[in-house]
Structure formats: structure tokens, C-alpha cells
Amino acid sequence: GYSWAYSGAHGEKTWPTNYGFCGGVYQSPLDFHENILQYDSSLRPIKLFGYDVATAESFTVSNNGHSVSVTLVPTMKIEIEPFHYTASQLHLHWGHKNNPKGSEHCIEGRRFPAEVHVVHYNSDKYTDITKATEAADGLAVLGILIEVGSFNPSFENILSHLNSIKYKDQSIQIAGFNVQELFPKRLDEYFRYEGSLTTPPCNPSVLWTVFRNPVLISEAQVSLLEN
Ligand SMILES: NS(=O)(=O)c1cc(-c2ccccc2)cc(-c2ccccc2)c1
Ligand SMILES: [Zn+2]
């Protein structure tokens, strides 16, 4: 595929040139501001299954050049009625020194220092994530906004290993942990919309769920991401 970046010669404005879906009407991310939000009481709490992964299991943490990603295990699933979705990977988005607000979604125009995306595919309808990514209803991504606050030991499961994957394509194995600890408490308070991958190829195949309440990590933990 083409090379793309978040800025510069292959920055976001050039994405639509090489990736047909980018810049489309369904292009994620969104700014959740009140005049586009509509309360929907039929939306149920997100149910997580198998998220408390044993330390005997392992996840692969890798640097893919644009983000740090953690491959997850297929016993991790979520239910968004009426479908079940199997976890594929999670990855983080963050900013850098001169542009520290790196979240992709924002609330009332407010961006956050970082954001976690947990990518799942509809395993009731598709046999693997590749087919699901090509389908309009194939993916469900959970977004967790990150705010600066107290130190968060759960994020150390990932952040404490960043020094070992400083360069693109480096990866290491880490022990399983309870991935639900990365989530906010309220799994019933979230924004929901049908959108796309936020990075090329921007497939419009994502059912987005972004939790309303951010999780807190310390300033030092945020700067681990930015260095
Ligand atoms: N931001 S996102 O959630 O829309 C997203 C989903 C997937 C994704 C991953 C596996 C299967 C299917 C889709 C990959 C990325 C990505 C981020 C940085 C660099 C490269 C790729 C981003
Ligand atoms: Zn993402």
C-alpha cells in the first residue's frame, strides 16, 4: 500500500487521493457536540466476555510506525445486541510535545491527551477480521478517552514495555492481564455512531462506541507515549 502519515507530505489531506474511502461522509473521528447528539434509551451497557486474560496467555505489543498495538486473544468478545464481536487488537493514539492533545474523538470540541481503540470484528457474521474489514457492518471499535490524572497501574501493562519497541516493526510478548481494567467504570455511558477506520484505508465499516467518561493516567505515563 501507499505510505501515509498524520502530517507532512503524506498527511491527512492527501489521504483521499490514495484511499478512496478517506474523507467520505462516514469519516471518523467525530466531535461529539450537543447539537448532533440524540439520547437513545434503547442502547444497552457494553458486555465484555473473556477480558480477564490469564497471565499464562500472552499478547504481542508492537510498534507499527503509527501507533503501538497489542494483539489480543480470540476468547475476548463483546456483545452489542444482537451480535457478538471477537477482539482483534487494541492500539493507542496520542499527540506529541507541540500538539499534546492526541485523541481522535473529542467532546464539545475538547480533545484529550490520548485515546485507546479496541478493535473487534462481527464473528457471528464473518470468519475473520480481513473479511469483516471489507464489510460495511464488520467491525466494532471501543474508544476510551485518556485524561491526565493519577497514576494508572493497569496501563503499565502496556506502557512499561514501550522502551523495548522504540522502533517501527519491533514487537515483544507480554503476559495476559485483565484488559477491562483499562476501561472506565460506566460501560453504559457512551457515544454510538456508524463510522469508519480513522486511518487509511478508512473503510466505512465501523460501529463506534466511545465511552463518555475518560480514564486517568499520570502526566509521566502520557509522556512515555510522546517520547
Ligand atoms: N483508529 S481505528 O480504530 O480506526 C484503526 C483500526 C485498525 C484495524 C486493526 C485491525 C483490524 C482492522 C482495523 C488499524 C488502525 C491503525 C492505526 C495506526 C496505524 C495503522 C493502523 C486504526
Ligand atoms: Zn484507532
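Our subject is the structure listed above.
Rules and cut-offs
- Residues numbered from 1 in each chain as written.
- Chains lettered and ligands numbered in written order.
- Predicted model: local features only at pLDDT ≥ 70, side-chain atom pairs only at ≥ 80, totals over all residues.
- Heavy atoms only, no water.
- Phe/Tyr/Trp six-rings, centres within 6.5 Å; stacked < 30°, edge-to-face > 60°.
- Helix = DSSP H or I, 4+ residues; strand = E, 2+ residues; numbered from the N terminus.
- Buried < 20%, exposed > 50% of the residue type's maximum accessible area, 1.4 Å probe, protein only.
- Donors = N, O, S within 2.8 Å, 3.2 Å for Na, K, Ca; no water.
- Tetrahedral: all angles 85-135°; square planar, octahedral: opposite > 155°, others 65-115°.
- Disulfide = S-S within 2.5 Å.
- Contact = heavy atoms within 4.5 Å.
- Core = buried A, V, L, I, M, F, W, Y, C linked by side-chain atoms within 4.5 Å.
- Near = heavy atom within 4 Å.
- Polar contact = N/O pair within 3.5 Å; in protein donor to acceptor, adjacent residues only side chain to side chain.
- Areas by Shrake-Rupley, 256 points an atom, 1.4 Å probe, with all protein chains shown as cover.
- Nonpolar A, V, L, I, M, F, W, Y, C, P; charged D, E, K, R; others polar.

Draft legend 1. Quick peek at the packing of aromatic side chains. For the structure on display, the rule yields 8 aromatic pairs. Ring plane angle 85 degrees and centroid distance 5.6 Å describe the contact between Phe 59 and Phe 177, whose orientation is recorded as edge-to-face. Linking Phe 59 in strand E3 (residues 58-63) with Phe 177 in the loop between strand E10 (171-175) and strand E11 (190-195), this pair joins segments that are 118 residues apart in sequence. For the pair shown, Phe 59 and Phe 177 are each scored as buried. Joined through ring pairs, the aromatic side chains of Phe 32, Phe 191, Tyr 193 and Trp 208 make up one cluster.

Draft legend 2. Just the coordination of the zinc ion (ligand 2), in detail. The protein atoms that coordinate the zinc ion (ligand 2) are His 91 (NE2), His 93 (NE2) and His 117 (ND1), at distances spanning 1.9 to 2.0 Å. Taken together, the 4 donor atoms coordinating the zinc ion (ligand 2) and their angles of 100 to 116 degrees define a geometry best described as tetrahedral. Coordination of the zinc ion (ligand 2) draws on donor residues from a single chain, spaced H-x1-H-x23-H in sequence. In this pair, His 93 is assigned in strand E6 (residues 83-94) and His 117 in strand E8 (residues 114-122), connecting sequence segments 24 residues apart.

Draft legend 3. Representation of the state of the cysteines within the structure. This structure, assessed with the given rule, holds 1 disulfide. A sulfur-sulfur distance of 2.0 Å marks the disulfide that ties Cys 22 to Cys 202. Here the S-S torsion is close to 85 degrees, and the disulfide linking Cys 22 with Cys 202 is therefore right-handed. Of this pair, Cys 22 sits in the loop between helix H1 (15-18) and strand E1 (31-32) while Cys 202 sits in the loop between E11 and strand E12 (206-211); the two residues are 180 residues apart in sequence, bridging distant segments of the chain. Cys 202 gets classed as buried once you look at its relative accessible area, which sits at 1%.

Draft legend 4. Up close: the side chain of Ser 62. Residue position: Ser 62 is located in strand E3. Those residues in contact with Ser 62 that lie beyond four places of it in its chain are Ser 67, Val 68, Ser 69, Ile 165, Gln 170 and Ser 171.

Draft legend 5. Broad picture of the nonpolar core. Within the largest apolar cluster, 42 residues are counted, with the highest numbers of intra-cluster contacts made by Phe 59, Leu 90, Val 179 and Phe 183. Counting 17 residues, the second largest nonpolar core, distinct from the first, contains Ala 135, Phe 191, Leu 197 and Val 206.

Draft legend 6. The arrangement of the site of ligand 1 in detail. The environment of ligand 1 is formed by 17 residues, the closest being His 91, His 93, His 117, Leu 197 and Thr 198. His 93 is positioned such that a nitrogen or oxygen atom in its side chain is 3.2 Å from a nitrogen atom of ligand 1. Within the side chain of Thr 198, a nitrogen or oxygen atom sits 2.7 Å from a nitrogen atom of ligand 1. In the complex, the protein chains occlude 85% of the 500 Å² of accessible area that ligand 1 would expose alone. Among the elements of the structure, E6, E8 and helix H2 (129-134) are those that each provide at least two residues to the shell around ligand 1. Considering each element in turn, the shell around ligand 1 owes the most residues, 3 residues, to E6. For the shell around ligand 1, the class distribution of residues is 6 nonpolar, 10 polar and 1 charged.

So, to be careful, I would describe these as geometric facts and stop short of saying anything about function.
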